[in-house]
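Notes for the structure review
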Amino acid sequence: MQEKEIRELLEGSRNLEKFSIARAISLLEREDSRSLRNIIFPMLQSMELSENRAFTVGITGTPGAGKSSLIGELTRIFLEKNPKQSMAVVAIDPSSNISGGSILGDRTRVVMPRRENRIFFRSQASQLELGGVNPHTYHVIRLLRHFFDFVLVETVGIGQNEVEVSLLSDYAFLVLQPLGGDQVQFMKSGIMEVPDAFIINKMDEESLGESSYHMLINTLEFLRDVLPSQKLPPVFKTSVTKKRGIDDLWDFISNQNFQKNRNKESLYQLEKWIRNEYGRFGIRIFREHDQRLLEHFKSYEVAEQDFLSRLSQYSLS
Ligand SMILES: Nc1nc2c(ncn2[C@@H]2O[C@H](COP(=O)(O)OP(=O)(O)O)[C@@H](O)[C@H]2O)c(=O)[nH]1
Ligand SMILES: [Mg+2]
């Protein structure tokens, strides 16, 4: 593929043309995507597009908690309230592991206005890990951040995947349903400090919802001392069916304006890729220099190249 064509795709993506964005994404999903990535990301920079444009929101929780339904409602409110802004939604679904297909369930539920360029919806099959973020997905999210004001990432939280999504987002929500086993599970698992905020959805089941809410608040109170900021995270109560609480949730999201350290995020994703590809040997080589990489971080691609050339020196000697 020629640089000229890639530039055209990126120009089209900048204008939020869905076809161009989809094509650009597919370049990042190819097996041989590295060489393309080495063209795409520097080119974005030269076009003065920055990854720091988007506020990235992670939405995680067990299957059935209502994440996709909530996102559908949030996008509707967003289109109404933020006429000058744009949003991309990336849904990562593990069901693809079973069906080999993609995330049809979500796609049919989250019905996007087709002609509306301010919204872009993408589902990513997660190939390697259940609900986890695979390397391609990471680069897709990076790409989308250059074009959109908001990037919402839906992942299925089972066990440790909450950690994953919170590393990838500027702000991470955990969605719970009233007294679902997930809440108990979550309280036991000791990763309570991970999400930045909670959403208890299906509050139309009122009494269950309220007891669930109080249980959560009590647990958080109890854990306050170990929470990083010693401040209780916000807890939102929503019902998609009754359309309650979601306006407030959107107002909260759209008023946040900060970014987590993306260099750390990049190095984390790079390390994960190295572990998958080269195992402990690769990690050892990577770690010899990881402090230097963080201090002199330029981009994922530069750090990756740095690692690969050190790796080839080892293989030769
Ligand atoms: N009663 C009720 N059902 C809901 C609510 N939100 C979602 N659901 C239903 O819960 C099921 C799972 O929703 P979905 O959005 O696919 O959950 P996800 O797996 O977390 O993405 C669907 O049948 C939804 O219609 C809600 O606020 N109240
Ligand atoms: Mg879903």
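About the criteria used
- Residues numbered from 1 in each chain as written.
- Chains lettered and ligands numbered in written order.
- Predicted model: local features only at pLDDT ≥ 70, side-chain atom pairs only at ≥ 80, totals over all residues.
- Heavy atoms only, no water.
- Helix = DSSP H or I, 4+ residues; strand = E, 2+ residues; numbered from the N terminus.
- Contact = heavy atoms within 4.5 Å.
- Core = buried A, V, L, I, M, F, W, Y, C linked by side-chain atoms within 4.5 Å.
- Buried < 20%, exposed > 50% of the residue type's maximum accessible area, 1.4 Å probe, protein only.
- Salt bridge = Lys/Arg side-chain N within 4 Å of Asp/Glu carboxyl O.
- Expected span 1.5 Å × (residues − 1).
- Arc of directions from axis to C-beta.
- Pairing = 2+ DSSP bridges.
- Right-handed = clockwise from strand over helix to strand, strands pointing away.
- Phe/Tyr/Trp six-rings, centres within 6.5 Å; stacked < 30°, edge-to-face > 60°.

**Things to note about the side chain of E51**
- Mapped onto the fold, E51 is located in the loop between α3 (33-46) and β1 (55-61).
- Ignoring anything within four residues of it in the chain, the contact list for E51 reads R142, R145, H146, R262 and E265.

**As for the nonpolar core**
- Ranked by internal contacts, the top residues of the largest apolar core, which has 46 residues, are L10, I40, L143 and L144.
- F55, I77, F78 and F173 belong to the second-largest nonpolar core, a separate cluster that totals 28 residues.

**Notes on the pattern of salt bridges**
- In total, this model carries 24 salt bridges according to the counting rule given.
- With its nearest N and O atoms 3.0 Å apart, the salt bridge here joins E265 to R145. One end of the pair, E265, is in helix α12 (residues 262-287); the other, R145, is in helix α7 (residues 135-145), and 120 residues separate them in sequence.
- Among the salt bridges present, the one from E206 reaches R244, with a minimum N-O distance of 3.9 Å. One end of the pair, E206, is in helix α10 (residues 206-223); the other, R244, is in the loop between β7 (235-237) and α11 (246-255), with 38 residues separating them in the sequence.
- What makes R244 partly exposed here is its relative accessible area of 38%.

**Quick notes on helix α2 (residues 18-29)**
- With 12 residues, α2 should reach 16 Å at 1.5 Å per residue; the first-to-last C-alpha distance of 17 Å fits that figure.
- For α2, the full list of buried residues reads S20, I21, A24, I25, L27 and L28. The buried residues of α2 occupy one face: seen down the axis, they fall within an arc of 150 degrees.

**Examining the pairing of strand β6 (residues 197-200)**
- Side chains A197 and I199 of β6 all project onto a buried face; the interleaved residues F198 and I200 project onto the opposite face, where all are buried too.
- With four bridges connecting them, strand β5 (residues 171-176) and β6 associate as parallel partners. Pairing of L174 across the sheet is with F198, part of β6.
- Chirality of the crossover, the property in question, places the unit of β6, α10 and β7 among those that are right-handed.

**Details of the packing of aromatic side chains**
- On inspection of all chains with the given rule, the structure shows 16 aromatic pairs.
- Relative to F258, the ring of F55 lies with its centre 5.5 Å away and its plane at 70 degrees, an arrangement referred to as edge-to-face. Pair noted here: F55 is in strand β1 and F258 is in the loop between α11 and α12, with a separation of 203 residues, a long-range link.
- By relative accessible area, which is 6% here, F55 ends up buried.
- Centre to centre, the rings of F78 and W250 are 5.6 Å apart; their planes meet at 75 degrees, and the pair counts as edge-to-face. Of this pair, F78 sits in helix α4 (residues 67-81) while W250 sits in helix α11; the two residues are 172 residues apart in sequence, bridging distant segments of the chain. Each member of the pair, F78 as well as W250, is classed as buried.
- An aromatic cluster of three or more residues is present, and its members are F55, Y171, F173, F236, F252 and F258.

Distances and angles like these do not, on their own, reveal function.
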